[in-house]
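Inside the fold
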Amino acid sequence: VVFGLVYALLSLPWNRKVVPGYYDYLSLMRALDESDVVVRALAAMSSRFVDLRRPVRERLLFLFADMVEASWPKAESVLLALQRAAPPGNLWPGVAQLISSLLSCLVAQISWILDIEPAARLTLLWLVRWTSFVEQMSETDLDDMKTDDLRQELVEATRLLATKETLQGEAL
């Protein structure tokens, strides 16, 4: 049942702001999901993010952001899978949108990731590696975003994550 709800939320064109049932279904999924089916399904789909159609990618990122906002248990597994789908230096159509969406989610919910130290460290490393790579890119390397805008977002997210007390002074 839970997997069917995940599939429906990813495959059907929901406008989560307008359709009244979206948050009800999300709440139902969380209540029924004793075996972490939602997280496991989204992590598996995230690992094939590049193969998903654009509308499904967007819905997956919206669903992930809602999970983070709701402090969904083990949501960091989805974050790490999305990061593995976009390794630094691997450019494909839509990678800038994925990175930007993850950065927006991280900046908005920075305390969430800091509570999960291994994921925070891996995310910090991912951010630093992307920042380093973007510094070397030309303006034409990204189709859907300006390189300077992405670099600024990466620097801001890295600064926020690196300056929090839990990571200061500790070895990576």
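Note: the structure precedes this text.
Rules used in this analysis
Residues numbered from 1 in each chain as written. Predicted model: local features only at pLDDT ≥ 70, side-chain atom pairs only at ≥ 80, totals over all residues. Heavy atoms only, no water. Core = buried A, V, L, I, M, F, W, Y, C linked by side-chain atoms within 4.5 Å. Buried < 20%, exposed > 50% of the residue type's maximum accessible area, 1.4 Å probe, protein only. Contact = heavy atoms within 4.5 Å. Salt bridge = Lys/Arg side-chain N within 4 Å of Asp/Glu carboxyl O. Helix = DSSP H or I, 4+ residues; strand = E, 2+ residues; numbered from the N terminus.

1. Looking at the nonpolar core
Residues Met29, Leu42, Leu63, Phe64, Leu82, Trp112 and Ile113 are the most contacted members of the largest nonpolar core, which totals 55 residues. Discounting chain neighbours no more than four positions away, the residues touching Ile113 are Leu79, Leu106, Ala119, Ala120, Thr123 and Leu161.

2. Quick word on the pattern of salt bridges
What the rule picks out here adds up to six salt bridges. Between Asp51 and Arg48 there is a salt bridge; the shortest N-O distance is 2.4 Å. A residue is classified by how much of its surface remains accessible, and Asp51, at 48% relative accessible area, is partly exposed. In this structure, Glu58 engages Arg54 in a salt bridge whose closest nitrogen and oxygen atoms are separated by 3.4 Å. Here Glu58 pairs with Arg54, and both are found in helix α4 (residues 54–69), just four residues apart, close to one helical turn. Its relative accessible area of 47% is what places Arg54 among the partly exposed residues.

Read these as layout, nothing more, since geometry by itself doesn't imply function.
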